[in-house]
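Overview (structure and organization)
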Amino acid sequence: MGGVRVRTRPWWWLVAGCIVAVGAGVFALAEGSAPWLAVLGFVAACASPAMPFVRRWWTDRERTRMNRRAVVESSVPPHDADGPSSLLAPDRQVVPFRGRAVELDALVEWCLGKGQPFRLITGPGGVGKSRLASELRERMSDLGWVCVVVGDEQEATILAKVRGATDRPVLLVVDYADTRHQIDDLVRQVATDPDGVHVLLLARSAGEWWKRLTVGSPRVRAMVQGAYDGSELPYRIDTEATDQQILDDAAAAFAHHFGIPTPPVRITGRGSGRILDLHAASLVTVLRARRNEPLDVDVAGVLADLLGHEQRHWIGTAEHAGLLDGPDGLTTQLLGRVVATIYLTSPGDETEARQVLARLDSAVATPKVLAWLRDLYPPRGPEHWIGTLQPDRMAELHLVNELTASTALAAALLDGLADREARNTVAVLTRAVADHFSDKDIRTRALGLLDRAIGGLPDDVELLRSVSEVIPHPSEVLTQPSLGLLERILDLTDPADVAGRSWALHEIAKRRFRLGRPTEALDPLREAIVLRRTLAAAEPGKNEPLLGASLRYLGVVLSELGEPQDALAPTLEAVQIELNLPRTDRLNRLPYRARIMCDLGARYHEAGRPELAIAPLRESVKINEQLAHSEPEQTNPHLARSLMNLAIAQNMLGQAAQALPSIRRAVAIRRVLAQDNPDSDLVFLARALTDLSSCLVNATRPHEAIEPGLQAVQILRELDQATPGSHTAGLGRSLRQTATAYRDAGHAEQAAACYQEAVSIHRDLAAARPGRRASMALAESLAGLITLQLTLQHPTDALPLAREAARLVDWRTHETRPENLRPVAQSLTTVLLAVAHALDANGRTDEAQALRREIAALRATA
């Protein structure tokens, strides 16, 4: 029967039962016994055929009951009212607050000062934003302030409500500010009357929602422009504490909560370094100690481990609530889907909760289930009707697992979304993608769910704009879905809506550039500039900063396309717009001014004018150093960028020794940043190390230049393996620089290996992406190898390399604009000089002399 076991009917039970029953009845009648014996006999006759089925049902029921009891007994005991993950909640404060002294002091100073009333803190999930805000609330409450957490949909009404209840100073905390649809209302109200009110905004990123606020009315712009400096809260909470110390302290706190001895915390694998992951690892260790399980914890999978403990808890509480009993009892699978549904939708009241659960299954849209849910995850405060599974990163993992396991659940929760639900769903799914970036499986599944949710949205341009605001940018993996949404918005935008079209065009250009398509970014960016010029002419105060942003970005794109001369003009215009802003705006935009002056310096040295780059770069460094006194963690990334560009310009001017202090500072800053956030900052550390090696070589200290070059190569190899092709060009440059350090230090064999690998990389890149930039990179690597061969007295080996290098730079002879040679004058000089030396060494003196005359003219042009 195809491997399927067929169970035969137990007919013999029926025959035996009938014989016994009839015999009992006849005997009773014959003996004159009471009639009830006869009746009993016939009842037995009727019941006998059902006996095997009753027995089988009873056996299955007992087996199910015993399995369920095993689950319950393995879960958190009934007297632990909250799930284990709730111990990580910021407001529970199970683990004492530590670190963040600089950030906390700055926030207290901000509250007590008389400056602007807004402050924005951004950072990925799990770095401690909410805990920092909780500690600030506690500090300010001790000082007599009224501190209020603003609930969903309360943004428009909370200010009047609080002011009607107190005349004391007020701190409003808005978590998930990037998903709040009514945040504009709160900002406008506070900007109109800021007296006695401070608003702390917490968000994953400062995306479109924040940009929209910064271009509001003049008063709103003045209030919010100084509220955020563009940097994220760093991963590391305490520079003086090791990860192991943090793990041990957290384990002691959790063990004390459960009343058990503190177990040793032993973690394996490499995690993200976020404080949430460290605390979760300690909590899982304590939970395992309670269950006498192995204590070693894989930090990369700690959230999945914690989710298992949480699942046992909600199954246990459902059992005690009677939700699993009887033929209509809920399954454990359905319980998991209920928890995921409530997390995704976060209903605002009982009616909304019933409606949401009814989409899942009518059996769960009951008062009994809702009561269980509210006991399981109580409201976090009067501003919420119900709580949800926390922390977010664990809840996102559970949500993605449930949605991808059930097409019916995905259809119920992701298709045909509208209004607040659409915005919230997209926000949660984008967080899931970003938070689990390092886990390719989860990230890929979350991206698929996000694409489904976005693809099912109606053609409502206002809704699509609202949704686009919650997708963070820049992002490695969210850029493509964001671009698709923006292109759809552009198609739906009325041509008469100049502001709407210019915004969409600018954002489309940014995302195309981010995806490695700079040529495709030019047309929308130029169209955005035309539209914004029109807007700026009509309303300069509001629109000139927007025009400046588009011009600045055009400079970035043109620079990437190898057109530094053309990139300089829009950058200069953007700087002029910034300098012409009213004094109040300029003071509020100091962080932005530091960045645009750094951009200007970079454009100058890329255009072959390093002498003009020094002044704007020094100004950028000075501003960033001033800002770093009060907010070092937020400012240091920008300070490092300014220092690095200053060192590059000085190195180009032959001032390598003077460049060393700046580039060393940049490397030191980048090391700390890369430790905290390796995914985004390691590449910048590699670039700084490469530039340090270059400065040391030019300062005639090649032996010291080898180590930073090797470190850069190692970092870029690992990054290029993780994302093939993304860092190949940088790896080639670092290999060339390391080879030069080896060559000048007298290590010919190591130099040859590095040069040959660099040449191989640049040959592949030049074949794949023909153009001046790729040709020059290959020619420079060949020039280094030529010089090495001549040093080793191998002139015949150098000659074919010289011929190849000369062909690669032959385009120079057709250039009709001498100023276009200036950006590459130093590189061209290096290449042509190496070729001339090779020609001389092979007896081709006339050709060599012609090249030297050209080199002299080139130096005069530069």
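Please read these numbers as outputs of a predicted model, since none were measured by experiment.

Below, the discussion takes up the overall build of the protein. Within the protein, the secondary structure is distributed over 38 helices and 6 strands. Counting only residues that meet the buried cut, the protein has 53% of its 862 residues in that class. Sequence-distant contacts in the protein: of pairs separated by 6 or more residues, those separated by 24 or more amount to 69%. If you sum the accessible surface of the protein, you get close to 38900 Å²; carbon and sulfur atoms cover 54% of it.

Moving on, we come to the packing of helix α16 (residues 392–405) against helix α19 (residues 440–455). Contact pair α16 / α19: the axes reach a minimum separation of 10 Å and the direction vectors enclose 65°. Regarding α16 and α19, the two cross each other, and that crossing is left-handed. Counting all contacts with α16, which are made through Leu397, Val400, Asn401, Leu403 and Thr404, the residues of α19 involved are Ile442, Arg445, Ala446 and Leu449. Considering only residue class, the contact of α16 with α19 consists of 6 nonpolar, 2 polar and 1 charged.

The subject of this paragraph is the packing of aromatic side chains. One pass over the structure, following the stated rule, counts 3 aromatic pairs. Between Trp210 and Tyr228, the aromatic rings sit 6.3 Å apart at their centres with planes inclined by 80°, giving edge-to-face as the arrangement. You can see Trp210 sitting in helix α8 (residues 208–214) and its partner Tyr228 sitting in the loop between α9 (218–224) and α10 (243–258), a full 18 residues away along the chain. Taken individually, Trp210 and Tyr228 each receive the classification buried, so the pair is uniform in this respect. When the centroid spacing of 5.7 Å and the interplanar angle of 75° are considered together, the rings of Phe513 and Tyr553 count as edge-to-face. Here the residue Phe513 occupies a position in helix α22 (residues 498–514), and Tyr553 occupies one in helix α24 (residues 540–560), the gap between them amounting to 40 residues. Each member of the pair Phe513 and Tyr553 is classed as buried. An aromatic cluster of at least three residues, connected via ring pairs, comprises Trp209, Trp210 and Tyr228. Taking the ring centre of Trp385 as reference, the NZ or CZ of Arg374 above it sits at 4.5 Å.

Turning to α22, a few remarks are in order. Look at α22: 24 Å from first C-alpha to last across 17 residues, which is about the 24 Å you get at 1.5 Å a residue. Within α22, 14 of the 17 residues are buried, which leaves the element mostly enclosed by the surrounding structure. Positive phi appears at Gly516, one or two residues downstream of α22, with a value of about 80°.

Among the 7 residues that make up strand β4 (residues 197–203), 7 are buried, leaving the element largely enclosed by the rest of the structure. Of the two faces of β4, the one carrying Val197, Val199, Leu201 and Ala203 and the one carrying His198, Leu200 and Leu202 are both buried. Sheet topology note: the strand β1 (residues 118–122)/β4 ladder contains 5 bridges and is parallel. For Ile121, the partnering residue across the bridge sits in β4 and is Leu202. Strand direction decides the pairing type here: strand β3 (residues 170–174) and β4, joined by 5 bridges, are parallel. What sits directly across from Val174, in β4, is Leu201. Once the chain exits β3 it traverses helix α7 (residues 183–192) before rejoining the sheet at β4, and the crossover so formed is right-handed.

Taking 1.5 Å of rise per residue, 16 residues should cover 22 Å, and α19 covers 22 Å from first to last C-alpha, within 8% of that figure. Where α19 is concerned, the buried positions are Ile442, Arg443, Ala446, Leu447, Leu449, Leu450, Ala453 and Ile454. The arc that holds every buried residue of α19, seen down its axis, measures 165°, which confines them to one face. Opposite the packed face of α19, turned more than 90 degrees from it, sit the exposed residues Lys440 and Gly455. For α19, the secondary structure elements touched by its buried residues are α16, α17 (407–414), α18 (419–435) and α21 (479–492). Of the residues flanking the start of α19, the one acting as N-cap is Asp439, its side-chain oxygen 3.2 Å from the backbone nitrogen of Asp441.

Model confidence for the protein is summarised by a mean pLDDT of 85, while 87% of its residues fall at 70 or above. Throughout residues 64–80 the model reports pLDDT below 50, and contacts reaching past four residues in sequence, or to other chains, amount to 20 contacts.

For the rest of this paragraph, the subject is the nonpolar core. Ranked by internal contacts, the top residues of the largest apolar core, which has 110 residues, are Ile663, Ile786 and Val809. Excluding its chain neighbours within four sequence positions, the residues that come into contact with Ile786 are Ala798, Leu801, Ala802, Ala805, Ala834 and Ala838. Counting 102 residues, the second largest nonpolar core, distinct from the first, contains Leu278, Leu344, Leu403 and Leu409.

What links the strands of a sheet is backbone hydrogen bonding, and the strands pair in either a parallel or an antiparallel sense. Pairing in this open sheet of 4 strands is parallel, and the strands run β1-β4-β3-β2 from one edge to the other. Each end of this open sheet is capped by a strand with a single partner; those strands are β1 and β2 (146–149). The sheet shows a mean angle of 15° between the axes of neighbouring strands, taken without regard to direction. As defined by bridge partners, β2 adjoins β3 across 4 bridges and the pair is classed as parallel. By the bridge assignment for β3, Val146 is matched with Val170. On the sheet, helix α5 (residues 129–142) packs against β1, β2, β3 and β4 and is oriented at approximately 165° with respect to β4.

On to the pattern of salt bridges. For the structure on display, the rule yields 49 salt bridges. Ionic pairing is found between Arg188 and Asp185, a salt bridge with its closest N-O pair at 2.6 Å. Here the residue Arg188 and the residue Asp185 both occupy positions in helix α7, the gap between them amounting to 3 residues, near one helical turn. Taking the relative accessible area as the measure of exposure, Asp185 reaches 26% and is therefore partly exposed. Arg733 is the salt-bridge partner of Asp691, the closest N and O atoms lying 2.6 Å from each other. In this pair, Asp691 sits in helix α31 (residues 678–698) while Arg733 sits in helix α33 (residues 728–744), placing the two residues 42 residues apart along the sequence. Connected through shared salt-bridge partners, Arg204, Arg274, Glu396, Arg431 and Asp435 make up one network.

Where α10 meets helix α11 (residues 275–290), the closest approach of the two axes is 8 Å, and the angle between their N-to-C directions is 45°. On the basis of their axis angle, the class for α10 and α11 is oblique. The handedness of the crossing between α10 and α11 comes out as right-handed. On the side of α10, the interface is formed by Asp243, Ile246, Leu247, Ala250, Ala251, Phe254, Ala255 and Phe258, while α11 contributes Ile275, Leu278, His279, Ala281, Ser282, Leu283, Val286, Leu287 and Arg290. Here the residues of the contact of α10 with α11 sort into 13 nonpolar, 2 polar and 2 charged.

When a strand is regular, its side chains alternate between the sheet's two faces. Taking burial as the measure, the 5 residues of β1 include 5 buried ones, the bulk of the element. Side-chain alternation along β1 places Phe118, Leu120 and Thr122 on one buried face and Arg119 and Ile121 on a second face that is also buried.

Next up on the list: unusual backbone geometry. The omega torsion across Gln390 and Pro391 is 0°, close enough to zero to call that bond cis. Here Pro391 shows up in the loop between α15 (367–376) and α16. The phi dihedral of Tyr176 falls on the positive side, at around 55°, and the residue is not glycine. Position of Tyr176 among the secondary structure elements: in the loop between β3 and α7. Although it is not a glycine, Ser346 sits at a positive phi angle of roughly 45°. With respect to the element layout, Ser346 can be found in the loop between α13 (332–345) and α14 (350–360).

Moving on to the environment of Arg772. Structurally, the position occupied by Arg772 is in helix α35 (residues 772–791). On the basis of relative accessible area, Arg772 is assigned to the partly exposed category, the value being 40%. When the C-alpha positions of Arg772 and Arg812 are compared, they lie 9.7 Å apart, and in sequence the two are 40 residues distant.

How each quantity is defined
Residues numbered from 1 in each chain as written. Predicted model: local features only at pLDDT ≥ 70, side-chain atom pairs only at ≥ 80, totals over all residues. Heavy atoms only, no water. Helix = DSSP H or I, 4+ residues; strand = E, 2+ residues; numbered from the N terminus. Buried < 20%, exposed > 50% of the residue type's maximum accessible area, 1.4 Å probe, protein only. Contact = heavy atoms within 4.5 Å. Areas by Shrake-Rupley, 256 points an atom, 1.4 Å probe, with all protein chains shown as cover. Axes fitted to C-alpha atoms, helices over the stretch in contact; angles between N-to-C directions. Left-handed = near helix turned anticlockwise from the far one by under 90°. Nonpolar A, V, L, I, M, F, W, Y, C, P; charged D, E, K, R; others polar. Phe/Tyr/Trp six-rings, centres within 6.5 Å; stacked < 30°, edge-to-face > 60°. Lys NZ or Arg CZ within 6 Å of the ring centre and 35° of its normal. Expected span 1.5 Å × (residues − 1). Pairing = 2+ DSSP bridges. Right-handed = clockwise from strand over helix to strand, strands pointing away. Arc of directions from axis to C-beta. Polar contact = N/O pair within 3.5 Å; in protein donor to acceptor, adjacent residues only side chain to side chain. pLDDT = per-residue confidence, 0-100. Core = buried A, V, L, I, M, F, W, Y, C linked by side-chain atoms within 4.5 Å. Salt bridge = Lys/Arg side-chain N within 4 Å of Asp/Glu carboxyl O. Parallel < 35°, antiparallel > 145°, perpendicular 65-115°, else oblique.

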